[in-house]
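The lines below spell out each chain.
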Amino acid sequence: FFLSASALLAQSSLSPSVFGLTLEAMDPLTRSHLMQRVQRYFLEFLESFKRVKEDGEREDDLYYVDQAKAMIRENRKTMYVKMGHLEQADRDAVSFEPEDLIAVIHSKYMVVQNALNAAVPQLLSKLEDPDLQAEVEKMDELKFTVAFYDLATYSGIRDLRTDKLGRLVTICGTVTRTTDIKPELLVATWKCNECQREISGVAQEFKVTTPARCPTKNCGNTTNWKLLAESRSTRWGDWQRVRLQENENEVPAGSMPQTMDVIVRDEGTERCKAGDKVQITGSLIVVPDVPTLMSPGELKATVRRSLNTRSDPSYAAGEGVRGLKSVGNRDLTYKLAFYGTYIDEDSDWASRGSDEKSENIRSEEKMYLSQVDKERFEQISEHVSMGGKRDCLDLLARAVAPSISGYLDVKKGILLMLVGGVKKSTMEGIQLRGDINVCLLGDPATGKSEILRWVSKFLPRAVFTSGKSSTAAGLTASVVKDNDLDQERLIEPGALMLADNGVCCIDEFELMDVKDMVAIHEAMEQQTITLSKAGIQATLNARCSILASVLPKNTYYQATLPLHKNCDLSPPIMSRFDLFFVMQDIRDETQDLTVAKHIVASHQRKDEEVAPPLSQIDLQRYIRLARTFKPKISAEGQALLIKCYKKLREDRTYVRGAAGVTVRQLESLVRLSEAIARVYLSKYIRPEHVKEAFELQISSLRQSERESIDLGEEDLAPSTKRRREDEEQEEGEQAKRVKRVRITLPEYMRMGQMLLRHLAEQDAAGQVVTEGDLITWYMEQVEPELVTEEQLFRQQHLVQLVVTRMIDKDRVIIVTQPSKDPLQPEGRVLTKHPNVPVDSLDRI
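Within each chain, residue numbers correspond to sequence positions counted from 1 in written order. Per-residue local features of the predicted model are confined to residues with pLDDT of at least 70, and side-chain atom pairs are confined, for both listing and counting, to 80 or more; whole-chain, interface and lining totals are unaffected and use all residues. Think of the side-chain values as coming from all heavy atoms in the structure, minus any hydrogens and water.

S.K.: I would appreciate a short explanation of the overall build of the protein chain in the present structure.
M.R.: Strands here are runs of E lasting at least two residues and helices are runs of H or I lasting at least four, both read from the DSSP assignment and numbered beginning at the N terminus. Scanning the protein chain from terminus to terminus reveals 28 helices and 28 strands. Every one of the 844 residues in the protein chain was classed for burial, and the buried ones make up 45%. A sequence separation of at least 24 residues applies to 71% of the contacts in the protein chain between residues at least 6 apart. Every accessible area reported is derived by Shrake-Rupley at a probe size of 1.4 Å, with residue values counting cover from the shown protein chains alone. When the accessible surface of the protein chain is summed, it comes to about 44600 Å², and 49% of that surface belongs to carbon and sulfur atoms. Throughout, exposure labels follow a simple rule: accessible area from a 1.4 Å probe, protein chains only, divided by the maximum for the residue type, with under 20% read as buried, over 50% as exposed, and the rest as partly exposed. Contacts were defined at the residue level, with two residues in contact if any of their heavy atoms lie within 4.5 Å.

Take a look at the structure:
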């Protein structure tokens, strides 16, 4: 290969397979020739590469020449090269085999890195634009680097061994900690304080390295030096250390997740933050422990005392590598590190090991959709059910956690939490959160933890934790000392910081200690974490939604008790949750049969029986599209929001814990309305969005109370004719308002059973039943129990309201034909819903 001249091979006494040689086996002459050829051939590739179109033809523009021009205009010093482009190199335009260049870069990356970097300023110097040439002359050519990406394979952190030293590899993991950007002295220029002579080109070896002796005759200085930091020959660079932890799906059973320190320089710094799932391309390196290279006089007392007892447990008895003590060599302990040149978001964070792809719904990059996808998503947003009502929210909710059967309202809440509201800022600079917090209060074995697990794997910045094993510092942040950075104090991020711009799933939330639970008050509302400890005063971001699961106080939810009596949560915590869902384990023969069939089908892997209406990637892309909308509140929606909040405050039966209904519930209603408007891809919050959000906010709680059902006709729609009515007219309207009708749940169930049974019998006999016929039949059945005329009218009005609720809200009765006379609505033809059994209505 690059030693194409047979004479060169003969001189070096090497076989043609020079790429398999180790660094030590490569003599200086061979290495010099190798670097020269690599630099020349890589420059050829950069100057001549043109991308291949879909039809197989090549583009007219030179891809990397254009990138070089953009580098100069944007004042960047890193050129990004895709490995797939090396494979597509035009063999007629270059004088080498692309496979050989790829093999050398993969196997000897650390050897040829400087040669690859040196090709970049050569390419820039050949640009024909005089303005760009003037800018190139001002830049330091030693600062230019090449970053490769898109390697065909990746290596796990656990698989990094010394046989991969110096090779170009890609590793994946989760960032758990990052340090501050620090200056690094690469090449130093020293001044002898004895004779004032300057010595340049002193490379640094993991510490401040001074010349061994002053070369001036009769000087002999070995210790008295001054660093010339501003000298032209002194090179500085920025560096940062990133702590990378392997992903949970790569950890073998019974093992602890391993970590790797990644060193990045210059433009590679500040590319990621704690909690990101990233891919890092670079090379594995070995570095010695810094304290062992220093003389005892340079060490602090604490470090000096610990030199004899090694802190690295990977060596037996902490002995390290023994040197020749008789010669004066000290013991050295080595450790592996990773030198990263390219950091990118891990796009395969959820799909690695499976065929299904994933997409980050919280990504801030611009979204590009094909015309086919755009039309398909618009059809989903305008989907209409059999009853003629838009049910986009129901359709998407059924795709949430498809392994769990039922709980449609809970899935709606999870969907709205993933979509989220719009973040706002007041004129005073106060941030109003747009994230939605959800709490699941449920009996054992109702699928709470499974829902949390599904959410934690649905987006990359999602953290799953348990309340019992979590402390205040583990959830928020803690301050630790870093032994490798001279005992410097660093902020160790907790679960809420790792889930920034994501979701934090907390299982067994009620088992947290009270003092630990108080620590997340600020994070749930202000979405910040304030630290004041160990001399560090900082305010950190925790812009995440919280999804918590809570077990009732007495194991099973008791419907006769209010919500705050069923759980061990304080009123401040309860008021910070936008949605509460009660998940009860109700014994229902029909629902039990449905759940059993669903679970058995899942175990049999019958995908057609448990397949959701949308795939996961489609749901992620739809949510990402919905999050691009910033809906504004319309005038009708504003009036309805105020009306709904007034109803919540007036309704004494709706007591949200011991704290009651607060202004936070109004803000929750706004956020839910924004999320629903986003789901429908609407630019404005309309009354139907507010009404759906209001029903979702109170339906689960009211249904869980199981005490009484409200049959009153609630006119939630705002009046468009009378927007500005005075107080006297409003008081008159309230006086004329009919008293709300309530009925107990057992009575409602009894009446519903009778009505549905009669409809089923008439359907079997082929008879047509109108609403008037149904009400007349029911009145004939209860007529012996009625004594007065007043009871007769009251019972007739009651059964009319029950039938209306069963049609409009519970949807167990279907209107097959509307009334022919609009003035007589009782003439519409009714039938029982085919999927509703007669013997059980407990799900209503």
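S.K.: Even after reading the chapter, I still don't get a nonpolar patch on the surface, so can you show me in this structure?
M.R.: Taken together, L165, V286, Y334 and L336 make up a surface patch of nonpolar side chains, about 280 Å² in accessible area. With respect to the helices and strands, Y334 occurs in strand β10 (residues 334-345). Here, patches come from residues exposed beyond 30% relative accessible area and free of salt bridges, joined within 9 Å for like charges and within 5 Å for nonpolar side chains (Val, Leu, Ile, Met, Phe, Trp, Tyr). The working definition used for a salt bridge is a side-chain nitrogen of Lys or Arg within 4 Å of a carboxyl oxygen of Asp or Glu.

S.K.: Help me understand the state of the cysteines in this model?
M.R.: When two cysteine sulfur atoms are found within 2.5 Å, that pair is recorded as a disulfide. Applying the stated rule across the entire model yields zero disulfides. Of all cysteine sulfurs, the one in C214 lies closest to C195, which takes part in no disulfide; the gap is 3.5 Å.

S.K.: I'm lost on the pairing of β10 in this one. Help?
M.R.: Side-chain positions along a regular strand alternate between the two faces of the sheet. Two strands qualify as a pair provided that DSSP identifies no fewer than 2 bridges between them. Looking at chain direction, strand β8 (residues 259-265) and β10 are connected through three bridges and run parallel. If you follow I263 over to β10, its bridge partner there is Y339. Of the strand pairs in this sheet, strand β9 (residues 277-288) and β10 are connected by eleven bridges, and their pairing is antiparallel. Note that in β10 the partner of I280 across the bridge is I343.

S.K.: I keep staring at the sheet that holds strand β17 (residues 503-507) and nothing clicks. Help me out?
M.R.: The strands making up a sheet associate through backbone hydrogen bonding, with each pair oriented either parallel or antiparallel. Pairing is parallel across the open sheet formed by five strands, whose spatial order is β14-β17-β20-β13-β21. A strand with exactly one partner marks an edge of an open sheet, and here the two such strands are β14 (462-466) and β21 (579-583). The mean inter-strand angle of the sheet, taken between neighbouring strand axes irrespective of direction, is 15°. The sheet contact formed by strand β13 (residues 438-442) and strand β20 (residues 545-550) spans four bridges and is parallel. Following the sheet pairing, C439 is matched in β20 by A548. Helix axes are fitted only over the stretch in contact, all axes being lines through C-alpha atoms; the angle between N-to-C directions runs from 0 to 180 degrees. Sheet contacts for helix α11 (residues 408-419): β13, β17, β20 and β21; angle to β21, the most-contacted strand, approximately 150°.

S.K.: How do you make sense of helix α23 (residues 663-679) when you look at a structure like this?
M.R.: Along an α-helix, a turn takes 3.6 residues, which lines up residues three or four apart on a common side. To estimate the expected span of a helix, count its residues, drop one, and scale the result by 1.5 Å. Between its terminal C-alpha atoms α23 stretches 25 Å, which fits the 24 Å expected from 17 residues at 1.5 Å a residue. Counting buried residues along α23, 13 of its 17 residues qualify, which places the element largely inside the surrounding structure. Backbone geometry just downstream of α23 places L681 in the positive-phi region, at approximately 55°.

S.K.: Please clarify how the packing of helix α2 (residues 28-48) against helix α6 (residues 109-125) should be interpreted in this entry.
M.R.: A pair of packed helices is characterised by two quantities: the angle between their axes and the separation of those axes. The contact between α2 and α6 brings their axes to 8 Å, and the two run at 40°. With respect to α6, the element α2 is oriented oblique. The chirality of how α2 crosses α6 is right-handed. Two secondary-structure elements touch here, α2 through R31, L34, M35, V38, Q39, F42, L43, L46 and E47 and α6 through V111, V112, N114, A115, L116, A118, A119, Q122 and L123. Under the scheme applied here, ten amino acids are nonpolar (Ala, Val, Leu, Ile, Met, Phe, Trp, Tyr, Cys and Pro), four are charged (Asp, Glu, Lys and Arg), and all others, including Gly, are polar. Its residues placed into classes, the contact of α2 with α6 shows 13 nonpolar, three polar and two charged. Any angle between 65 and 115 degrees counts as roughly perpendicular, while under 35 counts as roughly parallel, over 145 as roughly antiparallel, and the rest as oblique. Each crossing gets its hand from how the near helix is turned against the far one by less than a right angle, where anticlockwise is left-handed and clockwise is right-handed.

S.K.: Would you take a moment to explain the pattern of salt bridges for this structure?
M.R.: Under the counting rule described, the total for this entry stands at 23 salt bridges. As a salt-bridge pair, R376 and D373 come within 3.2 Å of each other at their nearest N and O atoms. Note that R376 and D373 are positioned in helix α9 (residues 371-381) at a spacing of three residues, about one turn of the helix. By relative accessible area, R376 is classed as partly exposed at 29%. According to the relative accessible area criterion, D373 is buried, its value standing at 14%. Overlapping salt bridges, with partners in common, bring together R433, E525, D578, R664 and R671 in one network.

S.K.: Got a minute to help me understand the sheet that holds strand β26 (residues 769-770) in this structure?
M.R.: Spatially, the three strands line up as an open sheet ordered β26-β28-β27, and their pairing is antiparallel. Each edge of the open sheet is held by one strand with a lone partner, namely β26 and β27 (813-817). Note that β26 and strand β28 (residues 829-832) share two bridges and pair antiparallel. When the bridges of β28 are listed, V769 appears paired with L830.

S.K.: Is there a simple way to think about the environment of G84 in this case?
M.R.: Positionally, G84 belongs in helix α4 (residues 83-87). Taking the C-alpha atoms as reference points, G84 and L151, separated by 67 residues in sequence, lie 7.6 Å from one another.

S.K.: How do you make sense of unusual backbone geometry when you look at a structure like this?
M.R.: Where the residue is not glycine, phi is negative for most of them; where a peptide bond is considered, it is trans in most cases. Phi at D150 is positive, roughly 65°, even though this residue is not glycine. Under the relative-accessibility criterion, D150 is labelled partly exposed at 43%. Not every positive phi belongs to a glycine, and N218 is a case in point at roughly 65°. Looking at where N218 falls in the secondary structure, it is placed in the loop between β5 (198-203) and β6 (225-227). Exposure remark for N218: the relative accessible area of 77% places this residue in the exposed category.

S.K.: Whenever I open this one, the nonpolar core confuses me. Can you help?
M.R.: Across soluble globular proteins, you tend to see nonpolar side chains buried next to one another. The term nonpolar core refers to a set of buried residues drawn from Ala, Val, Leu, Ile, Met, Phe, Trp, Tyr and Cys, joined through side-chain atoms within 4.5 Å. Counting residues in hydrophobic clusters, the biggest one holds 63 residues, and the most contacted among them are L418 and L547. Not counting residues within four places of it along the chain, the set of residues in contact with L547 comprises I414, M417, V438, L440, L452, V455, V503, C504, C505 and I506. A68, M71, M79 and F96 belong to the second largest nonpolar core, which has 42 residues in total.

S.K.: I tried to follow helix α21 (residues 616-626) on my own but got confused; where do I start?
M.R.: Most of α21 is tucked away, with nine of its eleven residues classed as buried. Every buried residue of α21 is listed here: D618, L619, Q620, R621, Y622, I623, R624, L625 and A626. If you follow the buried residues of α21, they end up packed against α9, α10 (392-397), α11, α12 (448-456) and α23.

S.K.: Could you clarify how one ought to interpret the packing of aromatic side chains in this entry?
M.R.: Aromatic ring pairs are reported here in terms of the distance separating the ring centres and the angle at which the planes meet. Planes of paired rings set the category: under 30 degrees apart is stacked, over 60 is edge-to-face and the rest tilted, where pairs are Phe, Tyr or Trp rings (Trp by its six-membered ring) whose centres lie within 6.5 Å. Considering all chains together, one arrives at 15 aromatic pairs under this definition. A ring pair is formed by Y109 and F148, whose centres lie 6.3 Å apart and whose planes are at 80°; its orientation type is edge-to-face. Here Y109 is found in helix α6, whereas its partner F148 is found in strand β2 (residues 145-149), with 39 residues between them in sequence. Judged on exposure class, the residue Y109 and its partner F148 are both buried. Through pairs of rings, three or more aromatic residues link up here, namely F42, F45, F49, Y63, Y64, Y109 and F148. The criterion is that NZ of a Lys, or CZ of an Arg, lies within 6 Å of the ring centre and within 35 degrees of the ring normal, and then a charge sits over that ring. One cation-aromatic arrangement involves R453 over F464; the distance from NZ or CZ to the ring centre is 3.9 Å. Seen from the ring of Y748, R805 lies directly overhead, with NZ or CZ sitting 5.5 Å from the centre.

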